[in-house]
Amino acid sequence: MQNRSPNAAEGIDVSRYQGTIDWKRVRADGKSFAFIKASQGQRYVDPTFITNAKGIKAAGLLLGAYHFVDATSVNAAKAEARHFAEVLDQVGGAKALDLPAVMDYENNPGKLNSAAIHEVALAFLTEFERVSGRKPMVYTGNAFAAHFKALLGSYKLWIARYSTRVPSDTTAWRRWDFWQYSDSGRVDGIQGPVDLNVYAGTEAELRQAFAGEEGEEPMTAEEKAAFKALQQQVTALENSRDVLKQTLNEQSAYIKKVDQRVAELEARQAMPVPAWAKEAMVAAVAVNPASPIVDAKLPSSYDFYRLLVVLNRLGVFKTTK
């Protein structure tokens, strides 16, 4: 992904853990935007949400809000999206935010596979857009982003990577919109450490980029239906690709087993005299040592050695002296 721009807009994100914040001092310290925690799961509401939202607006910072996802199923994700929208209604709804509402999905409490994680994320995002009329943004860690398929690339990205090194490209994203680069920053007006973020451009570019968000019209029912149909088609194609990949992997494993079995059988066709057949081999050679009926020096098959043993037990190789 890209490096940060010169004179990029700086911001923070906070929750109840930062306690009481003097937002005017935060603004004076050069911060131009802030994401605040609104909710988590299907019930939790951050107790500082409304106070922080009012303080940010009064201080002149751009306001964003995020929801921390706990869902381990599609239905739970939709319920969480509705809860987030209801909490935002307390400050005027998603349209009252200066920045997109954020789905914070960064851990896997249900130990889901990547396909299930992607479906949970997609369910949350589409349900939130349906009930709020505003397209949300994705927050996630650079490593966790690998779970998301290309379809999520249509959403803006707030990426977490605590380093001076730029975030790595993922399947869904090649660029970030916001980058959380530290979790131990110090900002005037806040006691203790706070997360530090940077926008992909200057403050003027940030304000211009989201200036038209509030005036956008929600999608019509027809547009929503078409969008949903397209999502279903993309999901079906991605699932087909995954099934094909799994089938190819299974076939490859089967071919490997067949090759191993063939190699074993071939080895049985040219094996040295096994210990259990040595007595029969000696007896067969002893029938006519000058011109033996078998050559003990040449490898033979497993079945040949079994035949020698049977013939020896039947007394075929007995000699008279």
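Everything here concerns the structure above.
For clarity, every value in this text was computed on a predicted model and none was experimentally measured.

### Overview of the pattern of salt bridges
Turning to step 1, where the next piece is worked out: Tallied over the full model, the rule gives seven salt bridges.
Turning to step 2, where the next piece is worked out: Put simply, Glu127 and Arg82 hold a salt bridge, and the shortest N to O gap is 3.0 Å. Residue Glu127 is found in helix α4 (residues 114–132), and its partner Arg82 is found in helix α3 (residues 74–88); the two are separated by 45 residues along the sequence.
Turning to step 3, where the next piece is worked out: Arg82 sits in the partly exposed class, given a relative accessible area of 34%.
Turning to step 4, where the next piece is worked out: Overlapping salt bridges, with partners in common, bring together Arg27, Glu203 and Arg207 in one network.

### Regarding the packing of aromatic side chains
Turning to step 1, where the next piece is worked out: Applying the stated criterion across every chain yields a total of 19 aromatic pairs.
Turning to step 2, where the next piece is worked out: Relative to Trp158, the ring of Tyr139 lies with its centre 4.6 Å away and its plane at 70°, an arrangement referred to as edge-to-face. Taken together, the residues Tyr139 in strand β6 (residues 137–141) and Trp158 in strand β7 (residues 157–160) connect sequence positions 19 residues apart. You'll find Tyr139 and Trp158 in the same group, each marked buried.
Turning to step 3, where the next piece is worked out: Relative to Tyr181, the ring of Trp179 has its centre 6.5 Å away and its plane inclined at 75°; by these criteria the two rings are edge-to-face. For the pair Trp179 and Tyr181, a shared accessibility class is recorded, and that class is buried.
Turning to step 4, where the next piece is worked out: Through a chain of ring-to-ring contacts, the aromatic side chains of Phe33, Phe35, Tyr66, Tyr139, Trp158, Phe178, Tyr199 and Phe210 assemble into a single cluster.
Turning to step 5, where the next piece is worked out: One cation-aromatic arrangement involves Arg4 over Tyr181; the distance from NZ or CZ to the ring centre is 4.8 Å.
Turning to step 6, where the next piece is worked out: The ring of Tyr155 has Lys135 lying over it, and the distance from NZ or CZ to the ring centre is 4.7 Å.

### Concerning helix α8 (residues 302–313)
Turning to step 1, where the next piece is worked out: An ideal rise of 1.5 Å per residue puts 16 Å on 12 residues; α8 measures up with 17 Å between its terminal C-alpha atoms.
Turning to step 2, where the next piece is worked out: Those residues of α8 that fall on the buried side of the exposure criterion are Tyr305, Leu308 and Val309. Each buried residue of α8 lies within a common arc of 95° when the element is viewed along its axis, so the set occupies one face.
Turning to step 3, where the next piece is worked out: The first or second residue beyond α8 is Gly315, which carries a positive phi of 85°.

### Topic: a nonpolar patch on the surface
Turning to step 1, where the next piece is worked out: A surface patch of nonpolar side chains, amounting to about 300 Å² of accessible area, comprises Tyr254, Ile255 and Val258.
Turning to step 2, where the next piece is worked out: Mapped onto the elements of the fold, Tyr254 is located in helix α6 (residues 221–268).
Turning to step 3, where the next piece is worked out: Classification of Tyr254 as exposed rests on a relative accessible area of 57%.

Thresholds applied
- Starting afresh in each chain, residues are numbered from 1 along the sequence in its written order.
- With pLDDT at 70 or above as the cut-off, local features in this predicted model cover only qualifying residues; side-chain atom pairs require 80 or more to be listed or tallied, and sums for whole chains, interfaces and linings still use all residues.
- Excluded from the side-chain calculation are hydrogens and water; included are all heavy atoms of the structure.
- Any carboxyl oxygen of Asp or Glu that lies within 4 Å of a side-chain nitrogen of Lys or Arg is treated as forming a salt bridge with it.
- A helix here means a DSSP run of H or I that spans at least four residues, while a strand means a run of E at least two residues long, and both kinds are numbered starting from the N terminus.
- Type-normalised accessible area, obtained with a 1.4 Å probe on protein chains alone, sets the label of each residue: buried when under 20%, exposed when over 50%, and partly exposed for intermediate values.
- In this scheme Phe, Tyr and Trp rings, the latter by its six-membered ring, pair at centre separations within 6.5 Å, and the angle between planes marks the pair as stacked below 30 degrees, edge-to-face above 60, and tilted otherwise.
- For a ring to carry a charge above it, either NZ of a lysine or CZ of an arginine must fall within 6 Å of the ring centroid while also lying within 35 degrees of the normal to the ring plane.
- Any helix carries an expected span of 1.5 Å times its number of residues minus one.
- Taking the helix axis as origin, the arc is that swept by the directions to the C-beta atoms.
- Patch definition: residues with relative accessible area over 30% and no salt bridge; like charges joined within 9 Å; nonpolar side chains (Val, Leu, Ile, Met, Phe, Trp, Tyr) joined within 5 Å.
- Accessible surface area values rest on a Shrake-Rupley calculation with a 1.4 Å probe, where residue burial reflects the displayed protein chains alone.

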